[in-house]
Amino acid sequence: MCSQGGKVTPVGLHGVNSQSFLEIWRHFDVDDNGYIEGKELDHFFTHLLTQTENAVSAAKVTDLKQKLLSEVPGEGRLKIHDMAALLLPEDETFLLLFKRDATLDNTVDFIQIWHKYDKDSSGCISSTELKDFLRDLLMKHGKVVPEGQLSGYTSTMMQLFDKNNDGRLDLNDMARILNVKENFLLQFQLEDASQEERCRDFEKIFSHYDVSNTGTLEGAEVEGFAKDMMELVRPSLSTRELTQLTQSLLKRCDSNQDGKIQKWELGLILGVRLRKP
Ligand SMILES: [Ca+2]
Ligand SMILES: [Ca+2]
Ligand SMILES: [Ca+2]
Ligand SMILES: [Ca+2]
């Protein structure tokens, strides 16, 4: 077991496919919080060792745990994507749905993807919509799979990510599938910063969310910003809450009432004085 080019090398458990992967994940994520962590990690690594060794000691478990966790970016816990990389054979198509290079680092991109696949704008992703998403994702990796297999993947993904088992995915479920990076705003402390630091941070923040580089936040950009901003204090927003919060953010910021947030408008709200162009 070793790391190649920063990627976790699969331990190659025999015969793991999408269905058995689902079972393994569920078995070890005992509290169903989307992470294998704490005691769950010990159980998981003990299980891994028993697949290849006769005598498993606590020291060996600790050793393997340290080695594998050091290859995983994050906070000493495993996400589904990490476990998929560890357990699924490289030729298993299902693995493509968990590719790490699919990590999204901008909430605006996430919102755009969300709207693209929530075709009926119902505020959630149905299994038909998820199927379309998975089909496109596989296609992006150059794979076309038969409809039957795609349906199988769709129902496995649904079971893995549909937290409240209502047969639909909400914003947070979908953020987990897309492996959205940590909230971009967490790194800033606008409160205690000097005016100079504030200005510098503000520039970074604005250009991060102004994906289209127009000097204004519009559409998905406003929603992406609103989501990260609100989730600093209240994680796991629902679609309805996000829509409401986006509207009230617009109401507060949009002084010239053009439905967009100009840089100077956002500056006013965040206490950064910018000259009005
Ligand atoms: Ca857990
Ligand atoms: Ca929908
Ligand atoms: Ca823009
Ligand atoms: Ca405006």
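Residues numbered from 1 in each chain as written. Chains lettered and ligands numbered in written order. Predicted model: local features only at pLDDT ≥ 70, side-chain atom pairs only at ≥ 80, totals over all residues. Heavy atoms only, no water.

A. Local environment of the packing of aromatic side chains. Scanning all chains against the criterion turns up twelve aromatic pairs. Judged by centre distance (6.3 Å) and plane angle (65°), the rings of Phe-21 and Phe-94 are edge-to-face. Pair noted here: Phe-21 is in helix 1 (residues 18–28) and Phe-94 is in the loop between helix 4 (80–87) and helix 5 (107–117), with a separation of 73 residues, a long-range link. Each member of the pair, Phe-21 as well as Phe-94, carries the same accessibility label: buried. An aromatic cluster is built from Phe-21, Phe-94, Phe-98, Tyr-153 and Phe-161, whose rings are joined through pairwise contacts. The aromatic ring of Tyr-35 is capped on one face by Arg-77, whose charged end is 3.5 Å from the ring centroid. (Phe/Tyr/Trp six-rings, centres within 6.5 Å; stacked < 30°, edge-to-face > 60°. Helix = DSSP H or I, 4+ residues; strand = E, 2+ residues; numbered from the N terminus. Buried < 20%, exposed > 50% of the residue type's maximum accessible area, 1.4 Å probe, protein only. Lys NZ or Arg CZ within 6 Å of the ring centre and 35° of its normal.)

B. Up close: the coordination of the calcium ion (ligand 1). In the first shell of the calcium ion (ligand 1), the protein supplies Asp-29 (OD), Asp-31 (OD), Asn-33 (OD1), Tyr-35 (O), Glu-40 (OE) and Glu-40 (OE), at 2.3 to 2.7 Å from the metal. In this structure, the calcium ion (ligand 1) is surrounded by six donor atoms whose angles at the metal cover 51 to 160°, and the resulting shape is irregular. Using a relative accessible area of 8% as the deciding quantity, one classes Glu-40 as buried. (Donors = N, O, S within 2.8 Å, 3.2 Å for Na, K, Ca; no water. Tetrahedral: all angles 85-135°; square planar, octahedral: opposite > 155°, others 65-115°.)

C. Quick look at the coordination of the calcium ion (ligand 4). Looking at the calcium ion (ligand 4), one finds its protein donor set to be Asp-254 (OD), Asn-256 (OD1), Asp-258 (OD), Lys-260 (O), Gln-262 (OE1), Glu-265 (OE) and Glu-265 (OE), positioned 2.2 to 2.6 Å from the metal centre. Linear spacing of the donor residues for the calcium ion (ligand 4) on their chain is D-x1-N-x1-D-x1-K-x1-Q-x2-E.

D. Expanded view of the nonpolar core. Judged by nonpolar contacts, the single largest core of 75 residues is most densely connected at Phe-21, Phe-44, Phe-98, Met-157 and Leu-160. At six residues, helix 7 (residues 147–161) tops the list of elements feeding residues into this core. When residues no more than four places from it in sequence are discounted, the contact partners of Met-157 are Phe-94, Leu-97, Phe-98, Leu-130, Leu-134, Asp-162 and Ile-177. (Core = buried A, V, L, I, M, F, W, Y, C linked by side-chain atoms within 4.5 Å. Contact = heavy atoms within 4.5 Å.)

E. Spotlight on the environment of Met-174. Relative to the elements of secondary structure, Met-174 occurs in helix 8 (residues 171–177). Assessed through its relative accessible area of 1%, Met-174 is described here as buried. Along the chain, Met-174 and Ser-194 lie 20 residues apart, while their C-alpha atoms are 37 Å from each other. If near-sequence neighbours (up to four positions away) are discounted, Met-174 is found in contact with Phe-110, Trp-114, Ile-125, Phe-133 and Leu-169.

F. Region of interest: the domain arrangement of the chain. Considered domain by domain, the chain is made up of domain 1 (1–99), domain 2 (103–181) and domain 3 (184–270). Placing the centre of domain 2 and that of domain 3 at their C-alpha centroids yields a distance of 26 Å. On the side of domain 3, 15 residues touch domain 2, which itself brings 13 residues to the contact. Carbon and sulfur atoms make up 61% of the surface buried where domain 2 meets domain 3, a total of about 1100 Å² over both sides. It is Thr-107, Val-108 and Leu-171 in domain 2 that bury the most area against domain 3; as a group they hold 41% of the surface buried on that side. At the surface where domain 2 touches domain 3, the tally comes to zero salt bridges. There are five residue pairs in polar contact (both at pLDDT 80 or more) connecting domain 2 and domain 3. Elements supplying a minimum of two residues to the side of domain 2 that touches domain 3: helix 5 and helix 8. Residues of the side of domain 2 that touches domain 3, tallied by class, amount to five nonpolar, six polar and two charged. (Domains from an automatic or database assignment. Buried area = accessible area lost by both parts, 1.4 Å probe. Salt bridge = Lys/Arg side-chain N within 4 Å of Asp/Glu carboxyl O. Polar contact = N/O pair within 3.5 Å; in protein donor to acceptor, adjacent residues only side chain to side chain. Nonpolar A, V, L, I, M, F, W, Y, C, P; charged D, E, K, R; others polar.)

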